[in-house]
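Coordinate analysis (summary)
If you want the building blocks of each chain, they are given just below.
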Amino acid sequence: MRGFLALLFASFFWGTSPPATEFALRNVSPQVIIFLRFILSSLLLFAILRKKPLFSIPAIVLGFLNGLAYEFQFTGQVFTKAGKVAIISNTFPIFVGILSPIFLKEKPNFRQTLSIITGIFGILLVGNAFSFREINFGDALSLVASIIYAVYVIVAKRFSTEADPLTYTFSTNLISALTTSFFLPISPKFSPDILSFFSIIWLALFPSTLGYALYFYGLREVGAISSSVIILSTIVFGALLSILILGETLSFTESFGMILVCIGVLMAR
């Protein structure tokens, strides 16, 4: 139960990213936002932990994969709709279900398979995915991001006991920051107002620090397949917060999709 709650709270903090990023994007480029959220998180955790990061091979691989997935996802958004990016990049539980039996010897049971199908179907409804008419370059980049996220989950599950959650978050976020720094020349725009500034601070403190720490803790307690489905609740939290903060609305189909995601998450417990 503790692992489930940890992953649910991680999803909530990650769900705050869309509205916070929306505010930050008004005056700061995506590449700068990604870099700052991870480097500021790393500096905060360094001040708290007062110890060196863990530069093990798994930590380096995880940090690199995480940073790379973010870059593919944000770059893909330039070439396609944000809604499509959110949907395609969150299909990673499908790939986790495929990879887990190979690398973790973890096979999805009937309930887990049903939870994956229910959750993914809900995501498709939330994003009106059934109205898609063509696949473009941005969609392809988002799919690559989804596959990278799946590999990230597999590696994280296999080596999550290597260190405590805070140390692992510190180490992987630092590597993510170094990875994303190479993409800064793509769009180095940085002229934040007060709202953009506090949005970036929020992204660093909660989604990038507390969210990842809770994720690593929950992943220890829950299998890779179930954890991936639980994390789909990020979309639900993101949509609800966008309604409350940004004034967005949901259609009946989108609302029904959110209910299906919630059912899939509860089935993954």
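What comes next is a walk through the structure. (Residues numbered from 1 in each chain as written. Predicted model: local features only at pLDDT ≥ 70, side-chain atom pairs only at ≥ 80, totals over all residues. Heavy atoms only, no water.)

1. Topic: the overall build of the chain
Looking only at helices and strands, the chain features 13 helices and zero strands. Listed N to C, the secondary structure of the chain is α-α-α-α-α-α-α-α-α-α-α-α-α in terms of helices and strands. For the chain, whose C-alpha radius of gyration is 17 Å, the value lies close to the compact-globule estimate of 18 Å for 269 residues. Once the C-alpha set of the chain is aligned to its principal axes, its extents read approximately 45 × 40 × 30 Å. Across the 269 residues of the chain, 54% fall into the buried class. (Helix = DSSP H or I, 4+ residues; strand = E, 2+ residues; numbered from the N terminus. Rg over C-alpha atoms; globule rule 2.2 N^0.38 Å. Buried < 20%, exposed > 50% of the residue type's maximum accessible area, 1.4 Å probe, protein only.)

2. Regarding the pattern of salt bridges
Here the structure, examined in full by the defined rule, presents one salt bridge. Put simply, Lys 51 and Asp 164 hold a salt bridge, and the shortest N to O gap is 3.7 Å. Placement of Lys 51 in the loop between α3 (30-49) and α4 (57-79) and of Asp 164 in the loop between α8 (137-159) and α9 (165-181) is noted, with a sequence separation of 113 residues between them. Using a relative accessible area of 33% as the deciding quantity, one classes Asp 164 as partly exposed. (Salt bridge = Lys/Arg side-chain N within 4 Å of Asp/Glu carboxyl O.)

3. Some remarks on the packing of aromatic side chains
What the rule picks out here adds up to 16 aromatic pairs. Measuring from centroid to centroid gives 6.3 Å for Tyr 152 and Tyr 215, while their planes differ by 25°, and the two rings are stacked. Of this pair, Tyr 152 sits in helix α8 while Tyr 215 sits in helix α10 (residues 194-221); the two residues are 63 residues apart in sequence, bridging distant segments of the chain. Here Tyr 152 and Tyr 215 have matching classes, each one buried. (Phe/Tyr/Trp six-rings, centres within 6.5 Å; stacked < 30°, edge-to-face > 60°.)

4. Section: α3
Compared with the 28 Å implied by 1.5 Å per residue over 20 residues, the 29 Å span of α3 between its first and last C-alpha is a close match. When we look at burial in α3, the residues that qualify are Gln 31, Val 32, Ile 33, Ile 34, Leu 36, Arg 37, Phe 38, Ile 39, Ser 41, Ser 42, Leu 45 and Leu 49. Turning to α3, the residues buried within the fold contact α2 (17-24), α4, α9 and α10. Of the residues flanking the end of α3, it is Arg 50, one or two places downstream, whose phi is positive at about 55°. (Expected span 1.5 Å × (residues − 1). Contact = heavy atoms within 4.5 Å.)

5. Thoughts on a nonpolar patch on the surface
On the surface, Phe 252, Phe 256, Ile 259 and Ile 263 cluster together into a nonpolar patch covering about 430 Å² of accessible area. As for its placement among the helices and strands, Ile 259 is situated in helix α13 (residues 252-267). Owing to a relative accessible area of 48%, Ile 259 belongs among the partly exposed residues under this scheme. (Patch = residues over 30% accessible without salt bridge, like charges linked within 9 Å, V, L, I, M, F, W, Y side chains within 5 Å. Areas by Shrake-Rupley, 256 points an atom, 1.4 Å probe, with all protein chains shown as cover.)

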